[in-house]
Amino acid sequence: MMTESTEQLLIYETENGEVEVRLEKDTLWLSLQQIADLFGRDKSVISRHLGNVFKTNELGRASVVAKNATTAADGKTYQVEYFNLDAIISVGYRVNSWQGTRFRQWATARLKEHLVQGYTLNEQRLQQHQEQLKKLEQTLTLFQQNIIDQANLPEAKGLVRVISDYARTFVLLNQFDSERLPTTDFDEHIRYEIKYDEARSAINTLKQDLIAKGEATELVGNEKDDSFAGILGSIVQSFSGQFLYPSIEEQASHLLYFVIKNHPFSDGNKRIGAFLFIWFLQRNQHHLKTNGELKINDNALAAIALLVAQSDPKQKELMIHLIMNLIRNA
């Protein structure tokens, strides 16, 4: 429930008019109708895309939806659902990528202004972040226990301590403020922009190889819907010639995460996600250390894929930054 005492109202200008945006709880909020107005789509279209966002666990409904008492034109007060910035942007990239990127940039600027003014650094924000870090530590513990318990993955056991120790250090260094997560010094020289047809061809080659070895069925790599194309589209989103995810590490990490967590295929999502992760790094000439060794070998790849699969969707940004730093520090 949003409270009137702490909310602010902002005006965002679209090509078709103005949209009133609520600023509350360190984020921005729009109703279903306002999102439809923002992107120039029917409410039913927006509702369907929001349903898919929640169905695939891209976002948790409870964390991005709030109700607010709103007075309608008939003078009656209704409880209206509002969706936060994460949900708005997720829908935007599906229905109107240009407007979605434009709104994200505007919203980011407004939120930064809000922070500078000192309105948002409060006890609730710090407590929420501490809870995130606590859950990440719990995920790492579960990951370690599960790898040890799986006798069919003995080759991954040696990497558990390395990844767990690195990740715990990562947590401790950033336990005060998530804004301090390392976001610089990544390789922004993106040599290869991932394309659907080329990715599909690579997946088909992987599939045939696995079938020939008796390690897969025809279900592997079969797309359940158009979500895989959507994943690739979101990775290469750009505005004014600049990628939304500007580095090789960030694009590779999102590719791995989205394929594993969104389950776009009937079977083989973890294997395909891990395969495309390395394939993309290779295409960008970013898979080798300076001494010629692989940055992420088969054992490390198995461990990272399992770590992503077992993570809480609410930890998405932390997981992405963790993978990015594992690539950089490999």
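Refer to the structure presented above.
Residues take numbers from 1 onward in each chain, read along the sequence in its written order. Whole-chain, interface and lining totals are the exception, using all residues; otherwise, since this is a predicted model, local features are given only for residues with pLDDT of at least 70 and side-chain atom pairs are given and counted only at 80 or more. Values reported for side chains reflect all heavy atoms of the structure, with hydrogen atoms and water molecules removed beforehand.

## Focus on the overall build of the chain
Part 1 of the reasoning: Secondary structure elements follow DSSP: runs of H or I of four or more residues count as helices, runs of E of two or more count as strands, with numbering from the N terminus. Along the chain, the regular secondary structure elements total 13 helices and seven strands.
Part 2 of the reasoning: For the exposure calls, accessible area comes from a 1.4 Å probe over protein chains only, and a residue counts as buried if that area is under 20% of its type's maximum, exposed if over 50%, partly exposed in between. For the chain, buried positions account for 46% of its 330 residues.
Part 3 of the reasoning: By definition, residues are in contact when any of their heavy atoms lie within 4.5 Å. Residue pairs in contact within the chain that sit at least 24 positions apart in sequence constitute 66% of those at least 6 positions apart.

## Digging into helix 10 (residues 248–262)
Part 1 of the reasoning: Between its first and last C-alpha atoms helix 10 spans 21 Å; for 15 residues at 1.5 Å apiece the expected length is 21 Å, and the two agree.
Part 2 of the reasoning: Among the 15 residues that make up helix 10, 15 are buried, leaving the element largely enclosed by the rest of the structure.
Part 3 of the reasoning: Positioned one or two residues after helix 10, H263 has a phi angle of 50°, which is positive. Helix span, as expected, comes to 1.5 Å for every residue beyond the first.

## Here's the deal with the nonpolar core
Part 1 of the reasoning: Residues V21, F103, I194, L276 and F277 are the most contacted members of the largest nonpolar core, which totals 79 residues.
Part 2 of the reasoning: Sequence-distant contacts of F277, that is, excluding residues within four places in its chain, are made with A252, S253, L255, L256, I296, L301, I323 and I327. Buried Ala, Val, Leu, Ile, Met, Phe, Trp, Tyr and Cys residues form a nonpolar core when they are joined through side-chain atoms within 4.5 Å.

## Observations concerning the packing of helix 8 (residues 196–212) against helix 11 (residues 269–283)
Part 1 of the reasoning: Every axis in this analysis is a line fitted to C-alpha atoms, fitted for helices over the stretch in contact. Angles between the N-to-C directions lie between 0 and 180 degrees. The N-to-C vectors of helix 8 and helix 11 enclose an angle of 125°; their axes lie 11 Å apart at closest approach. By the criterion of interaxial angle, the relationship of helix 8 to helix 11 is oblique. When you trace helix 8 past helix 11, the crossing you get is right-handed. Note on element contacts: helix 11 touches helix 8 through R271, I272, F275, L276, W279 and R283, opposite E198, A199, A202, I203, L206 and L210.
Part 2 of the reasoning: Here the term charged refers only to Asp, Glu, Lys and Arg, the term nonpolar to Ala, Val, Leu, Ile, Met, Phe, Trp, Tyr, Cys and Pro, and the term polar to all other amino acids, Gly among them. Counted by class, the contact of helix 8 with helix 11 contains nine nonpolar, no polar and three charged residues. Here is the rule for angles: anything less than 35 degrees is roughly parallel, anything more than 145 is roughly antiparallel, 65 through 115 is roughly perpendicular, and the remaining ranges are oblique. Whether a crossing is left-handed or right-handed is set by the direction in which the near helix is turned from the far one by less than a right angle, anticlockwise for left-handed and clockwise for right-handed.

## A look at the side chain of S31
Part 1 of the reasoning: Within the fold, S31 resides in strand 3 (residues 27–31).
Part 2 of the reasoning: Beyond its immediate chain neighbours, meaning those up to four positions away, S31 contacts V80, E81, Y82 and F83.

## Focus: helix 8
Part 1 of the reasoning: When the terminal C-alpha atoms of helix 8 are compared, their 24 Å separation across 17 residues agrees well with the 24 Å that a helix rising 1.5 Å per residue should span.
Part 2 of the reasoning: Looking at helix 8, one finds that the buried residues are A199, R200, A202, I203, L206, K207 and L210. Buried positions in helix 8, seen along its axis, are confined to an arc of 160° and lie on one side of it. Helix 8 presents D197, T205 and A212 as exposed residues on the side facing more than 90 degrees away from its buried surface.
Part 3 of the reasoning: Residues of helix 8 that are buried in the fold lie against helix 9 (227–235) and helix 11.
Part 4 of the reasoning: Once helix 8 ends, the next one or two residues include G214, with phi positive near 75°. As used here, the arc belongs to the directions running from the helix axis to the C-beta atoms.

## With respect to the environment of Q105
Part 1 of the reasoning: Considering the arrangement of structural elements, one finds Q105 in helix 5 (residues 97–116).
Part 2 of the reasoning: Q105 sits 134 residues away from F239 along the chain, and the two C-alpha atoms are 9.8 Å apart.

## Things to note about unusual backbone geometry
Both trends apply: most residues other than glycine have a negative phi, and most peptide bonds are in trans.
Part 1 of the reasoning: At S240, a position not held by glycine, the phi torsion is positive, near 55°.
Part 2 of the reasoning: Mapping S240 onto the fold places it in the loop between strand 6 (238–239) and strand 7 (242–243).
Part 3 of the reasoning: Its identity as a non-glycine residue notwithstanding, Q285 has a phi of 55°, on the positive side.
Part 4 of the reasoning: Of note, Q285 is situated in the loop between helix 11 and helix 12 (298–310).
Part 5 of the reasoning: For Q285, a relative accessible area of 59% translates into the label exposed.

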